[in-house]
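# Structural overview
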Amino acid sequence: AQRVTQPEKLLSVFKGAPVELKCNYSYSGSPELFWYVQYSRQRLQLLLRHISRESIKGFTADLNKGETSFHLKKPFAQEEDSAMYYCALSGDYGGSQGNLIFGKGTKLSVKP
Amino acid sequence: DAGVTQSPTHLIKTRGQHVTLRCSPISGHKSVSWYQQVLGQGPQFIFQYYEKEERGRGNFPDRFSARQFPNYSSELNVNALLLGDSALYLCASSLGYGRYEQYFGPGTRLTVT
């Protein structure tokens, strides 16, 4: 089965604290993982994808195939990071190549 | 570039009615995917179209259908609406078929009463 699990519905941290949003996946093939972010009243947008290995807005994520995880990390949270974060897997669900399977999302709240 | 556009923004329908949602992809993008996002959940894949052909379908009943036009815009149709169809419907476009980055529209909020 192709599945993405985000165990935390809500994560609340203080400004300047480290952040880790957890994501675990289930996929039998070679996965491609993404993190999408949705700021208040804005559309869903790509934050980063594992193949690019970029750091966007200070966030990084490493694909760990042994633990089937793709956790999102940032060393020092900022108030503007408060948003809904979705981990997604590009699979072949429903006969489609490249459709996205999303987790339920984690709401990050960064307090001043 | 305006990005992916969807219409209408919101609509309210009654149980049993039919609804059509529309999506215009980013210029040059040939693939359109539809997702349903129920409150409190992540988006769930409904359909993918590429070059006007259905390339994938999620676990949704036959009441859901879609099509893609020669200009690559797309429509999602839902017949015999149920209360459980109330959701945000997202359209995403990508350059091609496969593991291309998907760009999302703002969504259409459907409320079924």
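Above: the structure in question.
A quick note: this is a predicted structure, and the numbers were derived from the prediction, not measured. (Residues numbered from 1 in each chain as written. Chains lettered and ligands numbered in written order. Predicted model: local features only at pLDDT ≥ 70, side-chain atom pairs only at ≥ 80, totals over all residues. Heavy atoms only, no water.)

### Focus: the overall build of chain B
Scanning chain B from N- to C-terminus turns up zero helices and eleven strands. Listing the helices and strands of chain B from first to last along the sequence gives β-β-β-β-β-β-β-β-β-β-β. Taking 113 residues into account, the globule formula puts the C-alpha radius of gyration at 13 Å, and chain B, at 13 Å, falls close to it. Counting only C-alpha atoms, chain B reaches 35 × 25 × 25 Å along its principal axes. (Helix = DSSP H or I, 4+ residues; strand = E, 2+ residues; numbered from the N terminus. Rg over C-alpha atoms; globule rule 2.2 N^0.38 Å.)

### Concerning the sheet that holds strand β7 (residues 64-68) of chain B
Residue and element names in this part refer to chain B. Reading across the sheet, the four strands line up as β1-β3-β8-β7 and stay open at both edges, with antiparallel pairing between neighbours. Two strands in the sheet have a free side with no partner beyond their single neighbour: β1 (5-7) and β7. Across this sheet, the average inter-strand angle for adjacent strands is 15 degrees, counted without regard to direction. As paired strands, β7 and strand β8 (residues 74-78) are joined by five bridges and run antiparallel to one another. Directly across from serine 65, in β8, lies its bridge partner asparagine 77. (Pairing = 2+ DSSP bridges. Axes fitted to C-alpha atoms, helices over the stretch in contact; angles between N-to-C directions.)

### Describing the state of the cysteines
Considering all chains together, one arrives at two disulfides over all chains under this definition. Residue pairing for A:Cys23: its cysteine sulfur links by disulfide to A:Cys87, the two sulfurs lying 1.9 Å apart. Every disulfide takes its handedness from the sign of the S-S torsion; for A:Cys23 and A:Cys87 that torsion is -65 degrees, giving left-handed. Of the two residues, A:Cys23 is situated in the loop between β3 (19-21) and β4 (24-26) and A:Cys87 in strand β9 (residues 83-91); the sequence distance between them amounts to 64 residues. A:Cys23 sits in the buried class, given a relative accessible area of 0%. Two residues, B:Cys23 and B:Cys91, share a disulfide whose sulfurs are 1.8 Å apart. Residues B:Cys23 and B:Cys91 share a disulfide whose torsion about the S-S bond is about -60 degrees; that sign makes it left-handed. On the criterion of sequence distance, the pair formed by B:Cys23 in strand β3 (residues 19-24) and B:Cys91 in strand β9 (residues 87-94) is long-range, its members being 68 residues apart. (Disulfide = S-S within 2.5 Å. Buried < 20%, exposed > 50% of the residue type's maximum accessible area, 1.4 Å probe, protein only.)

### Here we look at the sheet that holds strand β7 (residues 60-61) of chain A
Residues and elements named next belong to chain A. If you walk across this open sheet you meet the three strands as β3-β8-β7, and the pairing is antiparallel. The sheet is open, and its two borders are formed by β3 and β7, each paired with just one other strand. Pairing of β3 with strand β8 (residues 72-74) involves three bridges; the strand directions are antiparallel. Following the sheet pairing, glutamate 20 is matched in β8 by lysine 73.

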